[in-house]
Amino acid sequence: QVQLVESGGGLMQAGDSLRLSCAASGSSISGLAMGWFRQAPGKEREFVAAISWSSIRKDVADSVKGRFTISRDNAKNTVYLQMNSLKPEDTAVYYCAVVSSSTYTPSAWGQGTQVTVSS
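Scope of this entry: the structure provided in the associated data block. Every value quoted in this text rests on a predicted model; they were computed, and no experiment measured them.

1. Structural notes on the sheet that holds strand β3 (residues 18-25)
Thought 1: On the basis of which strands lie adjacent, the open sheet formed by four strands has the order β1-β3-β8-β7 and antiparallel pairing. If you trace the sheet from one side to the other, it starts and ends with β1 (3-7) and β7 (68-73), each paired once. Each strand of the sheet is rotated relative to its neighbour by a mean of 15°, with strand direction disregarded.
Thought 2: Sheet topology note: the β1/β3 ladder contains five bridges and is antiparallel. Among the inter-strand pairings, L4 is bridged to a residue of β3, identified as A24.

Right, here's the structure in full:
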């Protein structure tokens, strides 16, 4: 069973950039689609971005399009989320997940990493 550990969160200012990492262990994620989700205080968890196993297909939510980029390094069993031009509304706990390749339905979660953006 795969275990996912997110890292890279922190306290940022609006306009800053940040890269989150999701390191997998226990099994290889090279054949799996992966995704990032986030949950802000008082809100439901929402989809942020997903990437196919081959990196050919990438999708991001409209709210972060043009600012966030998802990538992966299968040799390192790691997925990344590059976040640029951060906004206060990006403040949330960010979670990495194994997702289905067709609908991006999550099936395994990491523990999350907090990102706080001040104005």
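2. Quick notes on the pattern of salt bridges
Thought 1: For the structure shown, the criterion picks out five salt bridges.
Thought 2: Measuring nitrogen to oxygen at the nearest pair gives 2.6 Å for the salt bridge that ties E46 to R38.
Thought 3: Classification of R38 as buried rests on a relative accessible area of 7%.
Thought 4: A network of salt bridges, in which partner residues are shared, links R38, E46, R67 and D90.

3. Focus: the environment of G9
Thought 1: Within the element layout of this structure, G9 appears in the loop between β1 and β2 (10-13).
Thought 2: As a C-alpha pair, G9 and G112 span 103 residues in sequence and 9.0 Å in three-dimensional space.
Thought 3: If we ignore the near neighbours within four places in the chain, the residues touching G9 are L18, L20, T113, Q114 and V115.

4. Digging into the pairing of β3
Thought 1: Of the pairings in the sheet, the one linking β3 to strand β8 (residues 78-83) comprises six bridges and is antiparallel in character. Bridge pairing in β8 links L18 to M83.

5. Considering the state of the cysteines
Thought 1: Tallying each qualifying case throughout the model produces one disulfide.
Thought 2: Through a disulfide, C22 is tied to C96; the S-S separation comes to 2.1 Å. One disulfide, between C22 and C96, carries an S-S torsion of -75° and so falls in the left-handed class. Linking C22 in strand β3 with C96 in strand β9 (residues 92-99), this pair joins segments that are 74 residues apart in sequence. Across the pair, exposure class does not vary: C22 and C96 are buried alike.

Rules used throughout
Residues numbered from 1 in each chain as written. Predicted model: local features only at pLDDT ≥ 70, side-chain atom pairs only at ≥ 80, totals over all residues. Heavy atoms only, no water. Pairing = 2+ DSSP bridges. Helix = DSSP H or I, 4+ residues; strand = E, 2+ residues; numbered from the N terminus. Axes fitted to C-alpha atoms, helices over the stretch in contact; angles between N-to-C directions. Salt bridge = Lys/Arg side-chain N within 4 Å of Asp/Glu carboxyl O. Buried < 20%, exposed > 50% of the residue type's maximum accessible area, 1.4 Å probe, protein only. Contact = heavy atoms within 4.5 Å. Disulfide = S-S within 2.5 Å.

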